[in-house]
Amino acid sequence: MKKSVSLLVAAAMAMSLAACGGSASTAETSSAVESTGTTAETSAAGAETGQTYRIGICQLVQHDALDAATQGFKDALTEKLGADNVTFDEQNASGDTANCSTIINGFVSADVDLILANATAPLQTATQATSDIPILGTSVTDYATALDISDWSGTVGGNVSGTSDLAPLDQQAEMIQELFPDAVNVGLLYCSAEANSVYQCDVMEGYLADAGYTVTRYAFTDTNDVTSVAQTAADASDVIYIPTDNTAASNTEAIANVVLPAKVPVIAGEEGICKGCGVATLSISYYDLGYQTGTMAYHILAEGADISTMPVEFAPNVTKKYNAANCEALGLTPPEGYEAIAE
């Protein structure tokens, strides 16, 4: 991977991390759309280009967060270019990296104008497949980890940029302290095959250890061992933390069937996981994140922006949210400042 990424990066960069996001409410979604202009105005802007653009979308797996990011991306480009000026070839890899390769190679053969890689595995596959077609990632937590970049300054370079779904990990650790100050053992539950999940757990383990918690990792390799690993974690933990993990997001019911009977609360890295099996999260809006990615695509396609100089972007807000049903089931009352996740 280092070899392929080195072809994309013009120079070594210094490591820095920042993250933020927004809630997924209808009001915020409308605000994100309105802030960029009316549909009529943006359609006119697209019509002025006199060109129809073909966009290939490779989404790793179907779940609420990634679905919302894809929809936000499509809405942004449709509104900015006009529905008649953009077509989407949207394909889902069903969680299989081999499928990502087949899909991405098809996009390259078709010579699409831009590729949206929704999640880490599609991004990694796309960077290996082409150095010419612009690639935008979304729902990717840490680009330096995903693309094995040692000196990170916020810009990938070459033909790659995108948006990150990372909510501030220090604030997530503070949330655990705020909600469970008397807890002793915190379990980190994640998929070991997802590089960004490993990264988040590395950082969270440091924050939580510094706060005085005993931290233990519980890693599953794929869907087949989610239940057994979740049971092991629940048996040994006072609180469980799950990062923004695609395998976990696709198996929240299985996790809930373990942690809720065991009366072990889960703090989740994103709203979709929290809605399925958690009690609280520091949430971004994946729709807004996808919309922001679509805006980046518009600048590249219609305005000729140089993708190699475009920094990875983050959503503008984070929101503390709680799962009312799961909190009630566990006898928890969230403090002021937390917003209930919509049913």
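Residues numbered from 1 in each chain as written. Predicted model: local features only at pLDDT ≥ 70, side-chain atom pairs only at ≥ 80, totals over all residues. Heavy atoms only, no water.

## Quick notes on the overall build of the protein chain
Heads up, the rule is: Helical segments are the DSSP runs of H or I of at least four residues, strand segments are the runs of E of at least two, and each set is numbered from the N terminus. Buried means the residue's accessible area, taken with a 1.4 Å probe over protein chains only, is under 20% of the maximum for its type, while exposed means over 50%, and partly exposed covers the values in between. Here a residue-residue contact requires only that any non-hydrogen atoms of the pair lie within 4.5 Å. All accessible areas in this document rest on Shrake-Rupley with a 1.4 Å probe, and a residue is counted as covered only by the protein chains that are shown.
What the protein chain contains, in helices and strands, is 15 helices and 13 strands. Relative to its full complement of 343 residues, the protein chain shows a buried share of 53%. Long-range contacts, defined here as pairs at least 24 residues apart, represent 75% of the contacts in the protein chain between residues at least 6 apart. With the model as given, the accessible surface of the protein chain reaches about 13500 Å², and the carbon-plus-sulfur share is 47%.

## Section: the sheet that holds strand 3 (residues 114-118)
Short version of the rule: Criterion used throughout: strands pair if DSSP finds at least two bridges between them.
Strand order in this open sheet of six strands is 2-1-3-4-5-11, and the pairing throughout is parallel. A single partner strand is all that each edge strand has here, and the edge strands are strand 2 (86-92) and strand 11 (313-314). With four bridges connecting them, strand 4 (residues 135-140) and strand 5 (residues 160-164) associate as parallel partners. By the bridge assignment, leucine 136 is partnered in strand 5 with serine 161.

## Comments concerning the packing of aromatic side chains
The line we're drawing: When the centres of two rings from Phe, Tyr and Trp lie within 6.5 Å, Trp using its six-membered ring, the rings pair. Their planes under 30 degrees apart give stacked, over 60 give edge-to-face, and anything left gives tilted. A ring has a charge above it when a Lys NZ or an Arg CZ is no more than 6 Å from the ring centre and no more than 35 degrees off the ring normal.
Per the counting criterion, the structure on display carries two aromatic pairs. Arranged with centres 6.4 Å apart and planes meeting at 70 degrees, the rings of phenylalanine 73 and phenylalanine 88 form a pair that is edge-to-face. Residue phenylalanine 73 is located in helix 4 (residues 64-81), and its partner phenylalanine 88 is located in strand 2; the two are separated by 15 residues in the primary sequence. On the basis of relative accessible area, phenylalanine 73 is assigned to the buried category, the value being 0%. For phenylalanine 88, a relative accessible area of 25% corresponds to the partly exposed category. Taking the ring centre of tyrosine 298 as reference, the NZ or CZ of lysine 80 above it sits at 5.8 Å.

So yeah, pure geometry; function would need other evidence.
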